[in-house]
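Residue-level listing of the chains:
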Amino acid sequence: MSSEVVTLRPEVETITAEAVIIGAGPCGLFQVFELGLLGINAHLVDSLATPGGQCTELYPEKPIYDIPALPVCGAQELVDRLMQQIHPFNAPLHLGQEVSELKKKDDGRFFLRTAAGTTFDAGAVVIAAGVGSFQPRRIGLEGAEAYEGSGIHYRIKSAGDFHGRHLVIFGGGDSALDWTNELAHRAASLTLVHRRPDFRAAPASVARMRELVAAGKMKFIEGLAHALHSVEGALRGVHVKGSDGTVHQLQADALLAFFGLHPKLGPIAEWGLELEKKALKVDTEKFQTSVPGIFAIGDINTYPGKKKLILSGFHEAALAAFAIQHHLYPQKKQFLQYTTTSPIMHKRLGVPD
Ligand SMILES: Cc1cc2nc3c(=O)[nH]c(=O)nc-3n(C[C@H](O)[C@H](O)[C@H](O)COP(=O)(O)OP(=O)(O)OC[C@H]3O[C@@H](n4cnc5c(N)ncnc54)[C@H](O)[C@@H]3O)c2cc1C
C-alpha cells in the first residue's frame, strides 16, 4: 500500500477534519483525490483492514474492462492505482473501524464515532459505503456468540495468539487455507473442516494443506460444524458432522471460521437520512443526502437512472467535491481548473511546473 498515515487503532483525541469519508472502496478513494485537487483534506475510515471495498474483498483478481482509458485493469490493480493517485494528499486512513455514529451538531458540523472509539468533528461527511460494511459470516452454532473473540474467531489479529493451541479451522477459501498452512506447524493440533472436497482457495495452498495432512501434521474433515462442546463455560471442543454422517468430537480451545464476508447496511440506516430500497437518496447536482453537509456517492446512493458502476461513482465524487467546497466555504468563488494547466493543482499534486 503506497499510503499515507494508516491507523488501525482508535485515536484518543477527537480529530478535527474538513471532511470525513466513510468507506475506502474505489469511490471513497477517488473522493480523496477530487477533494484534494480543491485543496480540501479528508480523513478516510473503513471497517475493513485494507482499502478497496468490493474490488479488494470480492474480486481482486478479476479484470475490469469499463474504466475509461484502461482497456483492462485488475480490480486490485485499480485500487493500487487509486492509492497511488491519492498519495500526494496524505489522507489519513483509519482502517478496521466501522463508523457507528453520525450526528449533526448544533454548530452545523458533524460528530462521528467509530466502533473502535475514534471520534471526529467534521465540516462535511461523504458516505461512500457501497453495499454496506462487510461483516464476517458467522458459524451459526447455538451459544457461539458468547465465545466470539475468546474461543471463536472470524479474523486473526496476531498469529502468535494461536501458537501451541488446539485449533479447528473452518472454510475452503484463501483465508482458511492460508491460516491452516501457516499454523499447522505451530498449533498443538489442527483440523481443517470444509463442507466440500473441492476448495475455492489457490491450488498451491490446497496442495500444501494436503501435504501437511499426508505428513501427519494436521487433519482434514469434509463436514459441517454441528455443536460446541464446553465445560463450565469454557470452550473445550466442537462436534463436526462429516459428509458420511459420522460425528467427530474434536478437542479445541480456539475455532477459526473463515466463511467469507457479507455486506450489511448497518448503522447507516439509523442516521436519520432518507433511504430508498436500502440506498441513500441524493440529488444529482451535489450528491447530497437529505441532510445538508452529508453527501453520498458510489453504490450506496440512489437517484433516477442510478447505475452501480465505478465510473458513475467517480463522476459523483467530482461533483460532490465542488458541493463540499461550497458547503465548507460558501464565500469562496469556484473555478473549474484543469489538472493539465493549473499551477495550484500541480502544487497540490506535487508536480513540478
Ligand atoms: C464480482 C463483481 C464484479 C464487478 N465488476 C465491475 C465492473 O466490471 N465494472 C464496474 O464499474 N463495477 C463492477 N462491480 C461493481 C463495483 O465493484 C462497485 O460499483 C464499486 O465497488 C462501488 O464502489 P464504492 O466505493 O461505492 O463501494 P464499495 O466498493 O462497496 O466500498 C465501500 C466500503 O465502505 C465500507 N463501509 C461501509 N459501511 C461502513 C461503515 N459504517 N464504516 C466504515 N466503513 C464502511 C466497506 O467496508 C467498504 O470497504 C463489480 C462488483 C462485483 C461484486
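Right, let's walk through the structure included here. Every value quoted in this text rests on a predicted model; they were computed, and no experiment measured them. (Residues numbered from 1 in each chain as written. Predicted model: local features only at pLDDT ≥ 70, side-chain atom pairs only at ≥ 80, totals over all residues. Heavy atoms only, no water.)

## Remarks on helix α4 (residues 174–183)
Along α4, the residues that are buried comprise A176, L177, T180, N181 and L183. Taken together, the buried residues of α4 touch β12 (166–170), β13 (189–194), α5 (203–214) and β17 (254–257). (Buried < 20%, exposed > 50% of the residue type's maximum accessible area, 1.4 Å probe, protein only. Helix = DSSP H or I, 4+ residues; strand = E, 2+ residues; numbered from the N terminus. Contact = heavy atoms within 4.5 Å.)

## Considering the sheet that holds strand β22 (residues 301–302)
Taken together, 3 strands build an open sheet; the order of strands is β19-β20-β22 and the sheet is mixed. One side of each edge strand has no neighbouring strand; the edge strands of this open sheet are β19 (275–276) and β22. Here 2 bridges tie strand β20 (residues 279–281) to β22, and the two strands are oriented parallel to one another. By the bridge assignment, K281 is partnered in β22 with T302. (Pairing = 2+ DSSP bridges.)

## A short note on the environment of V79
With respect to the helices, strands and loops of the structure, V79 is situated in helix α3 (residues 75–86). Spatially, the C-alpha atoms of V79 and H43 are 17 Å apart, while their sequence positions differ by 36 residues. Excluding its chain neighbours within four sequence positions, the residues that come into contact with V79 are L29, P51, G52, C55 and T56.

## Some details on the packing of aromatic side chains
Summed over the entire model, instances satisfying the criterion amount to 6 aromatic pairs. With a centroid separation of 5.5 Å and 20° between ring planes, the pair formed by F30 and F33 is classed as stacked. Taken together, the positions of F30 and F33, both in helix α1 (residues 26–37) and 3 residues apart, correspond to about one turn of that helix. The same class applies to F30 and to F33, which are both buried. Ring plane angle 50° and centroid distance 5.5 Å describe the contact between F199 and F220, whose orientation is recorded as tilted. Residue F199 is located in the loop between β13 and α5, and its partner F220 is located in strand β14 (residues 219–231); the two are separated by 21 residues in the primary sequence. (Phe/Tyr/Trp six-rings, centres within 6.5 Å; stacked < 30°, edge-to-face > 60°.)

## Description of the site of the ligand
In the vicinity of the ligand there are 32 residues, among which D46, Q54, Y59, V99 and D299 approach most closely. Between the ligand and Q54, the relevant distance is 2.9 Å, taken from an oxygen atom to a side-chain nitrogen or oxygen of the residue. A distance of 2.5 Å separates an oxygen atom of the ligand from a polar atom in the side chain of Y59. Surface burial for the ligand is 86%, taken as the share of its 1000 Å² of free accessible area covered by protein chains. Elements with a minimum of two residues in the shell around the ligand: α1, α2 (53–58) and β10 (133–136). Here the shell around the ligand is composed, by residue class, of 16 nonpolar, 11 polar and 5 charged. (Near = heavy atom within 4 Å. Polar contact = N/O pair within 3.5 Å; in protein donor to acceptor, adjacent residues only side chain to side chain. Areas by Shrake-Rupley, 256 points an atom, 1.4 Å probe, with all protein chains shown as cover. Nonpolar A, V, L, I, M, F, W, Y, C, P; charged D, E, K, R; others polar.)

## Description of the layout of surface pockets
One number sums up the size of the largest pocket: a volume of about 2000 Å³. L48, E57, Y154, R155 and L261 are, among the 50 residues lining the largest pocket, the residues nearest its centre. Broken down by secondary-structure element, the contributors of at least two residues to the lining of the largest pocket are α2, β10, β11 (152–153), α4 and β18 (261–264). Taken together, the residues of the lining of the largest pocket sort by class into 22 nonpolar, 13 polar and 15 charged. (1 Å grid on protein atoms, 1.4 Å probe; cavity = no way out; pocket = protein on both sides within 12 Å on 5 of 7 lines; lining within 4 Å. Points joined across faces, edges and corners; volume = space filled by probe spheres on them.)

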